[in-house]
Each structure stands twice: as structure tokens, then as C-alpha cells.
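Architecture at a glance
Here are the chains, one letter per residue:
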Amino acid sequence: MVFTKKLMLPLAALALVGAVAACDKVAPATPEPTPGPIAQSNALNGTYDLRASDCGNPASKTALIIDGNNFNFPGVGASCTVANSQQQVNRTQVTLSCNGGHGPTNRIIDLQSRPGVLRVTEDRKTATYYQCSRAEASSNTQPVLSQPRNQL
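This write-up is about the structure you can find in this document. These numbers were taken from a predicted model, which means no experiment stands behind them.

Reading guide: rules and limits
- Residues numbered from 1 in each chain as written.
- Predicted model: local features only at pLDDT ≥ 70, side-chain atom pairs only at ≥ 80, totals over all residues.
- Heavy atoms only, no water.
- 1 Å grid on protein atoms, 1.4 Å probe; cavity = no way out; pocket = protein on both sides within 12 Å on 5 of 7 lines; lining within 4 Å.
- Points joined across faces, edges and corners; volume = space filled by probe spheres on them.
- Helix = DSSP H or I, 4+ residues; strand = E, 2+ residues; numbered from the N terminus.
- Nonpolar A, V, L, I, M, F, W, Y, C, P; charged D, E, K, R; others polar.
- Disulfide = S-S within 2.5 Å.
- Buried < 20%, exposed > 50% of the residue type's maximum accessible area, 1.4 Å probe, protein only.
- Pairing = 2+ DSSP bridges.
- Axes fitted to C-alpha atoms, helices over the stretch in contact; angles between N-to-C directions.
- Contact = heavy atoms within 4.5 Å.
- Salt bridge = Lys/Arg side-chain N within 4 Å of Asp/Glu carboxyl O.

Concerning the layout of surface pockets
- Taken as a whole, the largest pocket holds about 400 Å³ of empty space.
- If you list the elements that add at least two residues to the lining of the largest pocket, you get strand E5 (92-100), strand E6 (105-114), strand E7 (117-122) and strand E8 (125-134).
- When residues of the lining of the largest pocket are assigned to their parent elements, the largest contribution, four residues, is made by E8.
- Here the lining of the largest pocket is built from residues that sort into nine nonpolar, eight polar and four charged.

The structure is reproduced here in C-alpha cells:
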């Protein structure tokens, strides 16, 4: 009889847990639509140009457009996607996978940012791009490329 009481207690507890679990069948809440991807406040999204005087010129051959992980160089017809990025002390090293321009290529560039300009260094050559406009939202849903933590 003692053996039966010891066996009944765990069985009763198990039946109670099963009954509670069966009653807890509530449909999950319907997700609400979101406004779309939003860039971090320090994202590099926007348009840049090697010549400040060409800001706003849609035919500029020296423009750079950054949208999330996409870098577009319309003047040379190159479109690039960030394949990798690594934060350094005062810069971000970025590997770009590019199409157009001179065919498919990979490029490794260093980015340094300060208010109003973006310095791009590739193969020991540095170009200073002037910020023409800033874009808060990115059209892609991948994580956005952010400015280096320590600016120039």
C-alpha cells in the first residue's frame, strides 16, 4: 500500500501538468507591420561626391551612394556589396564585392569619417568624399555599415 501511494503522487502530478498544458493553447498575437528597415543613427547612408560642387548633380562622374551594405559608384558604373567589415582603432576596413566598371572584383578599402566628409583609402591612395546628403533609412534589411567608433 505504501508503494502504491508513492507511485500515485508522481502520476497525479504528471496528469495535472498535462491538463494545464492542454488548456494553454492560445493563438500567438498577430505581428504588427513595421515601417521598414531603419539605419542606425551613425550609419553612412547617403550620397557623397569627390567634388563638393557636384553635390546634387545627377550626372556626376565622381559620386558615391551608400545605402546600407550597398556602395554604388554611378560614374564608373560599379555596384558593390559589403562582403566583410572590421572595426579598427580609427577606421573601418571593408571588403567590397563589386560588379560593373572593370568587371567583377573584390576591393579592400579603409573608411574614416568625420563630420561632412568620408575618407576612402585603397592601395595607399586616399580620396576624400564630401557628404552631399544623408539618408536615415536603408532600402535593404541587412545590417548597415556604421561609421568607425573613433572619428578623425
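Regarding the state of the cysteines
- The final tally for this structure, using the stated rule, is two disulfides.
- Here Cys 55 connects covalently by a disulfide to Cys 132, the sulfurs 2.0 Å from one another. Of note, the bridge from Cys 55 to Cys 132 carries an S-S torsion of about -70° and is left-handed in sense. Here the residue Cys 55 occupies a position in the loop between strand E1 (46-49) and strand E2 (63-67), and Cys 132 occupies one in strand E8, the gap between them amounting to 77 residues.
- One disulfide in the model links Cys 80 with Cys 98; its S-S distance is 2.0 Å. Sign of the S-S torsion, about 105° for the bond between Cys 80 and Cys 98, identifies this disulfide as right-handed. With Cys 80 in strand E4 (residues 78-87) and Cys 98 in strand E5, this pair connects stretches of sequence that are 18 residues apart. Accessibility classification places Cys 80 together with Cys 98 in one group, the buried group.
- What links to what in the chain: the bonded cysteines, counted in sequence order, pair as 1-4, 2-3.

So, the sheet that holds E8
- If you walk around this closed barrel you meet the eight strands as E1-E2-E3-E4-E5-E6-E7-E8, and the pairing is antiparallel. Neighbour to neighbour, the strand axes of the sheet diverge by 35° on average, direction disregarded.
- Looking at chain direction, E5 and E6 are connected through seven bridges and run antiparallel. Paired with Val 94 across the strands is Ile 109, a residue of E6.

Focus: the environment of Ile 66
- Position of Ile 66 relative to the elements: it lies in strand E2.
- Take Ile 66: its relative accessible area is 1%, and that puts it in the buried class.
- Expressed as a C-alpha distance, the spacing of Ile 66 and Thr 81, which sit 15 residues apart in the sequence, is 9.8 Å.
- If sequence neighbours within four positions are ignored, Ile 66 has contacts with Leu 44, Asn 45, Gly 46, Tyr 48, Phe 71 and Leu 118.

What to know about the pattern of salt bridges
- By the definition in use, this model includes three salt bridges.
- Of the charged contacts, one joins Asp 54 and Arg 51 as a salt bridge, the two residues approaching to 2.9 Å between their closest N and O atoms.
- The partner of Asp 110 in a salt bridge is Arg 91, and the shortest N-O contact between them spans 2.9 Å. One end of the pair, Asp 110, is in strand E6; the other, Arg 91, is in the loop between E4 and E5, with 19 residues separating them in the sequence.
- According to the relative accessible area criterion, Arg 91 is partly exposed, its value standing at 25%.

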